[in-house]
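Coordinate analysis (summary)
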Amino acid sequence: MQVQLAKGVQLTTVTSHQFKTNQIIVNFRAPLKRDEITKRALLSNLLETSSADYPDQRALAHALAAMFGAAFGAGVSRKGPTHSLQLAITVPNERYLATDQALTASAIDFLQKIIYRPLVNNQQFDQPTFDRQVTNLQASIESLADDKQYYAAQKLNEALFVADAAQQVPSFGTVADLSTLSATDLYAYYQTVLATNQIDIIVMGDVDVEAVTTQWRQVGFTDRPTSQLTAFYRHQNTGHYVETSEQQALSQAKLNLGYDLPVFYRDDHYYAALVFNELFGGSPLSKLFMNVREKASLAYYASSSLDTFRGVLKVQAGIDGKNHDQVLQIIDDQLTAIKNGDFTDELVTQVKLGLINDFESSLDSQRTFAIQALIDDLTQRQVSDDEWLQQIQAVTREQIQAVAQLVTLNDGFFLNGGAA
Amino acid sequence: MQVKQYEQFNETSYQTKLDNGLTVTLLPKAGFHKTYAVFTTNYGSIDNTFVPAGETEMRRFPDGIAHFLEHKMFEKADHDAFQTFGKYGASANAFTSFTRTSYLFSATQHLRENLETLLDFVQDPYFTPATVEKEKGIIGQEIEMYNDDPSWRLYFGMIGNLYPNHPLQYDIAGTTESIAKITADDLYAAYRTFYHPENMTLFVVGKLDPDEVLDWVTKNQAAKTFDTFQPIERKIPATATDGHDIMPYRMIDMPVNRAKSIIGVKGLAPIEAGPAALKYRAGVNVLLELLFGDTSKNYLRLYDEGIIDDTFGYDFELQNGFNFVTFSGETNQPEKFDAAIIAVLENWSQAVEGQEDLLAMVKKEMIGRCVFMANSLEAIANRFDQRLFGNTTLFDEPATIASLTLDDVKTIAQQLLTSQAISEYQIRPTSKH
């Protein structure tokens with residue numbers, strides 16, 4: 001059920017008996033802006049660790065433990081040209097516990113306190129808490145470079161979106177930005193977020209819809225600017241391949257490739273693109289897995305993924321650096337094979353079954369419903385489970401080949417091993 | 001079939017042992033679309049010395065053989081098991097731990113076909129010198145990938161400190177050198193020894209009808225013949241009960257941005273398998289929460305002093321034959337980090353004595369977490385370990401947690417947190433170029 005609490009503020013309630021927990025998500029969405037990304041990441045860390053009612057992490061942890069170990073977290077993410085700051089809490093359904101505590105009402109109350117009563121003195125975030133979270137966010141951004149799969153993916157992202165700085169930087173910001181932020185400015189920015197961002201509240205579980213709605217109405221949300229956010233960012237096809245490389249003291253090299261693929265969420269080619277990706281590198285039955293890993297023994301992982309909010313396809317492989325040219329050739333051959341229709345009908349049937357299995361399995365995760373509700377709100381479209389299944393089943397060989405024809409290799413990042 | 005009702009959870013488990021020795025546990029979950037099945041053998045990376053079935057002498061096998069065997073099970077003479085699962089729309093995988101190897105699938109359709117595929121591919125070994133050679137390249141890349149992972153290196157560095165004369169210290173996948181020695185004959189010897197139904201369990205959870213599934217599995221198993229089970233003789237070296245073999249400190253350099261530190265505490269006393277093990281695990285987890293959980297005073301103090309941050313975490317590993325605790329995190333001052341953690345461990349009674357209220361809160365939190373896990377088919381299935389915890393499931397845990405007293409926790413702390421069982425390992429950044 002969906003209720004508009006104010007312009008740009010939506011409450012979606014999904015009732016289900018399947019899960020033994022209830023989940024509440026509050027999502028703040030805004031157009032992606034380069035100079036707001038790090039601010040929003042730091043905000044999410046501050047909101048996650050402190051509030052006026054729970055001034056330190058221990059007080060906050062006690063409140064969560066008292067709700068039978070409620071799971072609470074905040075985070076940020078990018079989807080095409082939009083950025084989301086999200087808070088989520090999950091509590092056990094009291095019927096599975098020997099208690100008469102009203103856990104869902106307590107969880108909503110907790111979330112409202114976190115959002116509307118931050119730890120603030122004199123119009124600025126509490127300075128020691130602010131400083132500690134700046135230090136911690138800086139450390140965690142710096143340490144991410146130690147995860148080489150992540151590092152190579154990020155380098156490829158920089159190369160793919162060289163035309164747009166907001167698309168290039170990670171969704172959680174940069175270390176350089178952090179030193180420019182102050183507790184006063186960030187608090188002022190938070191007021192803007194609260195007043196102008198589109199808000200989606202999603203409540204999922206075995207809940208009393210009326211009680212939940214009443215509890216959220218009490219916040220007194222104000223209207224937001226009504227213009228609908230743009231859902232898609234269109235990657236610019238360069239038409240040619242440019243590879244950048246770097247050498248580090250590593251045992252395993254990484255080869256990451258970025259392709260232009262102008263197919264967007266639920267447009268004409270969307271379902272065919274899903275099947276194409278499964279066939280190319282999205283599953284253990286795929287061309288990449290079978291040929292790079294199984295037949296040639298050149299990699300432990302070799303896979304592809306789609307970003308249908310930005311119009312790109314990516315391939316990632318962990319290889320021995322000396323095999324770079326051979327791997328690049330085999331990957332290219334697989335794409336050519338799909339363009340030429342060199343794949344069996346049996347394989348198409350199998351990867352479709354795999355997609356359907358993933359889709360139906362995702363219905364067993366409570367979070368899926370919130371993720372879908374957010375996408376539906378962004379794209380202003382809904383597709384029923386049955387329609388989704390029919391669309392996948394209806395994809396033809398020709399449509400898969402047509403998608404492959406749209407794919408153009410643009411950028412590569414090669415992280416070579418050996419001596420630094 | 002043994003039927004067990006968990007009224008508080010509104011769940012029921014069904015269990016039986018087939019004629020060939022296989023233990024089958026079924027747990028239907030109403031409203032779920034997916035079924036998750038795990039077929040597990042009690043054979044892991046530490047079982048590298050054993051008397052092969054049909055032989056009489058102990059033999060030492062190359063490190064990494066259990067994991068290598070796991071990889072090779074999927075390949076058959078004329079097909080790959082992944083393809084068969086693919087045909088029925090299932091997603092399949094496998095993993096090897098220190099003491100177990102598990103093969104699994106999850107599927108929303110064709111449950112019978114997928115179950116039969118799982119049972120059949122694991123019970124039909126096919127290894128040739130050529131296929132074994134080919135796998136060495138893939139596993140070699142897997143080993144290299146883990147070599148570059150600082151968290152993995154930190155963890156195994158600590159295990160090396162705690163278990164210097166024990167196969168636990170070897171990477172589960174082995175080394176490039178050790179796997180080079182593996183032959184098809186080795187794989188058959190290991191297979192015949194450990195993959196007898198008597199040494200295996202099947203756990204199926206999710207969308208299922210227990211009678212129907214049991215019927216399918218029973219028929220599938222009855223159609224196959226197995227040798228008489230020969231009790232398995234494994235040679236796992238005993239480790240010193242006074243901890244004198246523990247290496248107290250080591251460090252390495254790696255190209256990381258920030259130092260990483262890990263403190264290990266080795267459980268010196270053996271833990272009796274069965275419900276006692278379940279209680280011990282719950283007790284240690286409660287103790288760790290009291291000492292370092294985010295509801296503890298220590299956590300906030302160390303966090304505010306900048307000694308720990310959000311990268312700090314701890315873990316209790318309890319498996320058949322060994323148990324240890326680790327505390328790890330990133331830090332700019334590894335000595336200070338280590339000293340602070342060890343000080344809390346040595347003064348554990350300050351954080352435990354008289355803390356009845358905190359104990360009650362921690363227990364509440366842990367019981368709530370069991371409700372969370374009840375949403376996850378994977379969590380329900382993967383927590384089942386018959387050799388270690390008997391026939392208990394996730395749904396037996398809340399009662400176990402509820403029964404813990406502060407005295408239980410103190411007894412565990414006295415036994416576990418002794419100075420001679422503590423060790424440190426650090427990864428320092430290679431000087432910047």
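Residues numbered from 1 in each chain as written. Chains lettered and ligands numbered in written order. Predicted model: local features only at pLDDT ≥ 70, side-chain atom pairs only at ≥ 80, totals over all residues. Heavy atoms only, no water.

The name an unreviewed UniProt entry gives chain B is EF-P 5-aminopentanol modification-associated protein YfmH, with Lactiplantibacillus songbeiensis as the organism.

The name recorded for chain A in an unreviewed UniProt entry is EF-P 5-aminopentanol modification-associated protein YfmF, from Lactiplantibacillus songbeiensis.

Right, let's get into the overall build of chain A. Along the backbone of chain A there are 16 helices and 13 strands. Its C-alpha atoms give chain A a radius of gyration of 23 Å, near enough to 22 Å, the size a compact globule of 420 residues would have. Considering chain A as a whole, with its 420 residues, one finds that 59% of them fall into the buried category. For chain A, the exposed area adds up to about 16,200 Å²; of that, 49% sits on carbon and sulfur atoms. (Helix = DSSP H or I, 4+ residues; strand = E, 2+ residues; numbered from the N terminus. Rg over C-alpha atoms; globule rule 2.2 N^0.38 Å. Buried < 20%, exposed > 50% of the residue type's maximum accessible area, 1.4 Å probe, protein only. Areas by Shrake-Rupley, 256 points an atom, 1.4 Å probe, with all protein chains shown as cover.)

As a further point, take the packing of helix α12 (residues 324–339) of chain A against helix α16 (residues 397–406) of chain A. Residue and element names in this part refer to chain A. Look at α12 against α16: their axes get within 8 Å of each other, and the N-to-C directions meet at 135°. With respect to α16, the element α12 is oriented oblique. Note on element contacts: α16 touches α12 through Ile400, Gln401, Ala404 and Gln405, opposite Leu335, Ile338 and Lys339. (Axes fitted to C-alpha atoms, helices over the stretch in contact; angles between N-to-C directions. Parallel < 35°, antiparallel > 145°, perpendicular 65-115°, else oblique. Contact = heavy atoms within 4.5 Å.)

Moving on, we come to the environment of Phe105 of chain B. All names here are of chain B. Along the chain, the position of Phe105 falls in strand β8 (residues 101–107). On the accessibility criterion, Phe105 (0% relative accessible area) is buried. Each C-alpha atom, one on Phe105 and one on Phe226, is 24 Å from the other, the two residues being 121 residues apart in sequence. Filtering out sequence-adjacent residues up to four positions away, Phe105 remains in contact with Thr35, Tyr36, Ala37, Phe85, Ala90, Ser91, Ala92, Leu111, Asn114, Leu115 and Leu118.

This part is about the UniProt feature "domain: Peptidase M16 N-terminal" (unreviewed entry) in chain B. UniProt's entry tags residues 63–174 of chain B with the feature "domain: Peptidase M16 N-terminal" (unreviewed entry), counted in the numbering of this structure. In this annotation, residues 63–174 of chain B is assigned 54% helix and 12% strand; the end-to-end C-alpha distance for the span is 5 Å. (UniProt positions renumbered as here; feature names shortened; annotations may be inferred.)

Take the pattern of salt bridges next. Residue and element names in this part refer to chain B. Summed over all chains, the structure comprises 39 salt bridges over all chains. For Arg59, the salt bridge is made with Glu55, and the minimal N-O distance between the two is 2.7 Å. Residue classification places Arg59 among the partly exposed positions, given a relative accessible area of 32%. What emerges from the salt-bridge pattern is a single network uniting Lys72, Glu75, Lys134 and Glu135. (Salt bridge = Lys/Arg side-chain N within 4 Å of Asp/Glu carboxyl O.)

Residue and element names in this part refer to chain B. Strand order in the open sheet formed by seven strands is β1-β2-β3-β9-β4-β8-β7, and the pairing between neighbours is mixed. Both edges of this open sheet fall to β1 (2–6) and β7 (91–96), since each of them pairs with a single strand only. Neighbour to neighbour, the strand axes of the sheet diverge by 15° on average, direction disregarded. (Pairing = 2+ DSSP bridges.)

Moving on: the UniProt feature "domain: Peptidase M16 C-terminal" (unreviewed entry) in chain A. UniProt's feature table lists "domain: Peptidase M16 C-terminal" (unreviewed entry) at residues 181–353 of chain A, given in the numbering used throughout. With 40% helix and 23% strand, the stretch residues 181–353 of chain A has end C-alpha atoms that lie 49 Å from each other.

Across all of its chains, the model carries 53 aromatic pairs over all chains by this definition. Their ring planes at 70° and their centres at 6.4 Å tell us that Tyr116 of chain A and Phe221 of chain A sit as a pair that is edge-to-face. Highlighted residues: Tyr116 of chain A in helix α3 (residues 103–116) and Phe221 of chain A in the loop between α9 (209–217) and β9 (242–247), separated in sequence by 105 residues. Taking NZ or CZ as reference, Arg397 of chain A lies 4.5 Å from the ring centre of Phe343 of chain A, over its face. Across from the ring centre of Phe372 of chain B, 5.9 Å away, lies the NZ or CZ of Arg369 of chain B, which sits over that ring. (Phe/Tyr/Trp six-rings, centres within 6.5 Å; stacked < 30°, edge-to-face > 60°. Lys NZ or Arg CZ within 6 Å of the ring centre and 35° of its normal.)

Right, let's get into the interface of chain A and chain B. Contact residues are listed per partner, giving 62 residues for chain A and 63 residues for chain B. Carbon and sulfur atoms make up 55% of the area that chain A and chain B hide from each other, which totals about 5,200 Å². For the chain A face of the interface with chain B, the top three residues by lost area are Lys20, Arg58 and Tyr300 of chain A, together amounting to 13%. Remark: the boundary between chain A and chain B carries one salt bridge. Here Glu11 of chain B makes a salt bridge to Lys20 of chain A, at a shortest N to O gap of 2.5 Å. There are 28 residue pairs in polar contact (both at pLDDT 80 or more) connecting chain A and chain B. (Buried area = accessible area lost by both parts, 1.4 Å probe. Polar contact = N/O pair within 3.5 Å; in protein donor to acceptor, adjacent residues only side chain to side chain.)

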